[in-house]
Amino acid sequence: TKARTRRLRILETQQRWGEALVEVCALQLHFMKEHRDQLRMGIPIQPPVPQQRLEEIVAKLLPDEVEKYYQTNQESEKSLPSQFTLTQLLKSFSGYNSWMGKAAKDGSTTKLTEQLEAESDASKKASLYLKRGRRYVYDKQYEKSVHDFETGYGLVQDDVEKQEAMEDDDFCRLLEWLAMVRHWRYDLEGSLKCYEKCCDIEPTNASLLVKRAGVQMDGGEHDDALKLFDMALGLEPALPDALMHRANLRMLQQKVDEAKADLLECLRIRPNHLMARLRLATVLMAVEDLNGAKVQLDKANEFEPNSSEVHSYRGEMHFAQGDLTEARAEFDKAIKCEPSNPTPYVNCALAIMNTPSPTGGPPDIKAAIDLLEQGVKVDPQFHTAYMHLGQLKLALATDLAIAREVVAMYDIALTHCRTREELKDVCGARLLTVAQVDAASMLKMETFTMQ
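In short, a report on the structure. In this numbering scheme, every chain counts its residues from 1 along its sequence in written order. Reporting in this predicted model follows two pLDDT cut-offs: at least 70 for local features of residues, and 80 or more for side-chain atom pairs to be given and counted; totals over whole chains, interfaces and linings ignore these cut-offs and use all residues. Note that water and hydrogens are dropped before the side-chain values are worked out from all heavy atoms of the structure.

1. Considerations on the overall build of the protein chain
A helix here means a DSSP run of H or I that spans at least four residues, while a strand means a run of E at least two residues long, and both kinds are numbered starting from the N terminus. For the protein chain, the helix and strand inventory stands at 25 helices and 0 strands. With the C-alpha coordinates of the protein chain rotated into their principal frame, the extents come out at 80 × 50 × 40 Å. Throughout, exposure labels follow a simple rule: accessible area from a 1.4 Å probe, protein chains only, divided by the maximum for the residue type, with under 20% read as buried, over 50% as exposed, and the rest as partly exposed. Classification of the 451 residues of the protein chain by burial places 50% in the buried group. Sequence separation of at least 24 residues holds for 58% of the intrachain contacts in the protein chain that already meet a minimum separation of 6. In summary, the charge assignment counts Lys and Arg as positive and Asp and Glu as negative, without counting His or the chain termini. Charge positions come from single atoms, namely NZ of Lys, CZ of Arg, CG of Asp or CD of Glu. Each charge class in the protein chain was averaged separately, 57 positive and 70 negative side chains, and the resulting centres sit 4 Å apart. Contacts between residues were defined by any pair of non-hydrogen atoms, one from each residue, lying within 4.5 Å.

2. Quick look at the environment of asparagine 301
Within the element layout of this structure, asparagine 301 appears in helix α18 (residues 290-303). Distance from asparagine 301 to arginine 314, taken between C-alpha atoms, is 9.3 Å for residues 13 residues apart in sequence. Apart from the residues lying within four places of it in its own chain, the contact partners of asparagine 301 are Val310, His311 and Arg314.

3. Notes on the pattern of salt bridges
For salt bridges, the criterion is a side-chain nitrogen of Lys or Arg within 4 Å of an Asp or Glu carboxyl oxygen. Counted by the stated rule, this structure contains 28 salt bridges. As a salt-bridge pair, arginine 314 and aspartate 298 come within 2.9 Å of each other at their nearest N and O atoms. Separated by 16 residues along the polypeptide, arginine 314 in helix α19 (residues 308-320) and aspartate 298 in helix α18 bring together distant segments of the chain. Among the ionic contacts, a cluster of salt bridges with common partners joins Arg4, Arg7, Arg16, Glu19 and Glu23.

4. With respect to the environment of aspartate 241
Its location among the elements puts aspartate 241 in helix α15 (residues 240-252). Overall, aspartate 241 belongs to the buried group, its relative accessible area being 2%. As a C-alpha pair, aspartate 241 and lysine 211 span 30 residues in sequence and 9.1 Å in three-dimensional space. Those residues in contact with aspartate 241 that sit more than four places away from it in its chain are Ser92, Phe93, Ser94 and Val210.

5. Side note on the packing of aromatic side chains
Aromatic ring pairs are described here by two measures, namely the spacing of the ring centres and the angle between the planes. Only centres within 6.5 Å qualify two rings of Phe, Tyr or Trp (six-membered ring in Trp) as a pair; their planes then separate them into stacked at under 30 degrees, edge-to-face at over 60, and tilted for everything else. Summed over all chains, the structure comprises 5 aromatic pairs. With a centroid separation of 5.5 Å and 80 degrees between ring planes, the pair formed by tyrosine 142 and tryptophan 184 is classed as edge-to-face. Taken together, the positions of tyrosine 142 in helix α9 (residues 142-156) and tryptophan 184 in helix α11 (residues 170-184) put the pair 42 residues apart, joining distant regions of the chain. Side by side, tyrosine 142 and tryptophan 184 carry an identical accessibility label, which is buried. Taken together, the ring pairs connect Phe93, Trp99, Phe149 and Trp177 into an aromatic cluster. Against the face of phenylalanine 93 rests lysine 211, its NZ or CZ located 5.0 Å from the ring centre. For a ring to carry a charge above it, either NZ of a lysine or CZ of an arginine must fall within 6 Å of the ring centroid while also lying within 35 degrees of the normal to the ring plane. Over the ring of tyrosine 70 we find arginine 420, and its NZ or CZ is 3.7 Å from the ring centre.

6. Focus on the packing of α11 against helix α13 (residues 206-218)
Taken N-terminus to C-terminus, the directions of α11 and α13 make an angle of 20 degrees; their axes are 11 Å apart at the nearest point. Looking at the two axes, α11 sits roughly parallel to α13. When the axes of α11 and α13 are compared, the crossing they make is left-handed. On the side of α11, the interface is formed by Arg173, Glu176, Met180 and His183, while α13 contributes Leu208, Lys211, Gly214, Val215 and Asp218. Under this scheme, a helix contributes an axis fitted over its contacting stretch, all axes are lines through C-alpha atoms, and angles between N-to-C directions fall in the 0 to 180 degree range. Should an angle lie under 35 degrees it is considered roughly parallel, over 145 roughly antiparallel, and from 65 to 115 roughly perpendicular; all remaining angles are considered oblique. In this scheme the handedness of a crossing depends on how the near helix is turned from the far one: anticlockwise by less than a right angle means left-handed, clockwise means right-handed.

7. Description of unusual backbone geometry
Of note, lysine 140 is a non-glycine position whose phi angle comes to about 60 degrees, a positive value. Mapped onto the elements of the fold, lysine 140 is located in the loop between α8 (122-138) and α9. Judged by relative accessible area, lysine 140 falls into the partly exposed class, the value being 35%. The phi torsion at tyrosine 186 lies on the positive side, around 65 degrees, for a residue other than glycine. The topology assignment puts tyrosine 186 in the loop between α11 and α12 (188-201). Take tyrosine 186: its relative accessible area is 12%, and that puts it in the buried class.

8. Some words on the nonpolar core
Core analysis: the largest hydrophobic core is formed by 72 residues, its most contacted members being Leu90, Trp99, Val137, Phe149, Trp177 and Trp184. In terms of residues, this core owes the most to one element, α11, which gives 10 residues. As used in this record, nonpolar core signifies buried Ala, Val, Leu, Ile, Met, Phe, Trp, Tyr and Cys residues forming a set joined through side-chain atoms within 4.5 Å.

9. Details of the state of the cysteines
Disulfide: a pair of cysteine sulfur atoms within 2.5 Å of each other. In total, this model carries 0 disulfides according to the counting rule given. There is no disulfide at cysteine 199, and the cysteine sulfur nearest it, in cysteine 198, is 6.7 Å away. Lacking any disulfide linkage, cysteine 348 is separated from the closest cysteine sulfur, that of cysteine 337, by 14 Å.

10. Here we look at helix α14 (residues 222-235)
Relative to the 20 Å expected for 14 residues at 1.5 Å per residue, α14 spans 20 Å between its end C-alpha atoms, a close match to the ideal helical length. Taken residue by residue, α14 has Ala225, Leu226, Leu228, Phe229, Ala232 and Leu233 as its buried positions. Take α14 and look down its axis: the buried residues cluster within an arc of 160 degrees, on one side only. Exposed residues on α14 whose side chains face more than 90 degrees from its buried face are Asp223, Lys227 and Gly234. The inward-facing, buried residues of α14 contact α13 and α15. Under the convention used throughout, the expected extent of a helix is 1.5 Å for every residue step, that is, one less than its residue count. Here the arc refers to the set of directions running from the helix axis out to each C-beta atom.

What follows is the structure, encoded as structure tokens:
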């Protein structure tokens, strides 16, 4: 141990942080092995390396790791978010019912495909691609819609005459949908360019400004997003979309009172706005006004009693109150209402982990793992599920092979991360797990648990 401590100091002096992290883990594992009986009995023992020191070493490694994976992800085409996520996003805009109404009126994709095959004029074909892409959205075939919006735009993008020859406002609507699907793929620059062109064509369209603001939010440009929301509300003071999405920004900025004010105004304008009411419940839970949150969730339930989101939020409220039985019941209802919603799987797993077994023993970790695996299956981009799943699998790991499987799972999770914040979480967990595996191998241990 003394030799390892000296080596750790040398590695830290030389700023060889990766090797230093392995040494810290080796010191910890050796300590746990030597004192496992005392640790099992809960006897307090001073560890060889403070937890803070380990965290400081991980923090030294994280920036380069995050940037490496971020650049790799930027160079590869990103998959679309899950069907459930995209549907919820689309429903957050007031124009959703209008879009779907037009798609239904335009007819089936079979009919539109026949018209496309028979048409030779580029402008008319672009309009048909817009209609078929919109119909694919209606049918929740989002990948196919991306192809149609990109293809339709490609037919007219360099020819103003062809753009102007399209039906009605079809060119601007094609641009708008193209901006949306590029945002889905996290092509933020490409999305912004399309929205800017749309705004040049329709400078008084407040809804376009709201969508542009959403792209800026995802890019971390919060000040620019706020200006766009303000511009949208200047054009249309009673626009629910601007108020609700600005409230989301306020929550990111931890300006809870301002978020609450926007949501209350949104609900005054549109009392049946389900998402705004659910967001308000979240705000109220954040300030520990659980009674107020319950009122909002009860109203939301009146509007949509079979909503997976309503049940999931109600479960979170019960969880916050410590009523784990009711929480699990609501999460189960949420899963039953919409099996593709990943959130209740994770929340139900957390509820299980906080619930002792009927005999007073440890919680049912296997059941929690099954739920988290299902959450990852329905939404491979839900990085929170990977984080909890990795922790639980490591807790049950009986050999290093399982730990290496967790590392492989983190590698998959990293390919799905879209922001540096998500990457930071997964990279941190991966760095520590790899270091623990390397340390255990160096110590010739078959596991780093206290089995």
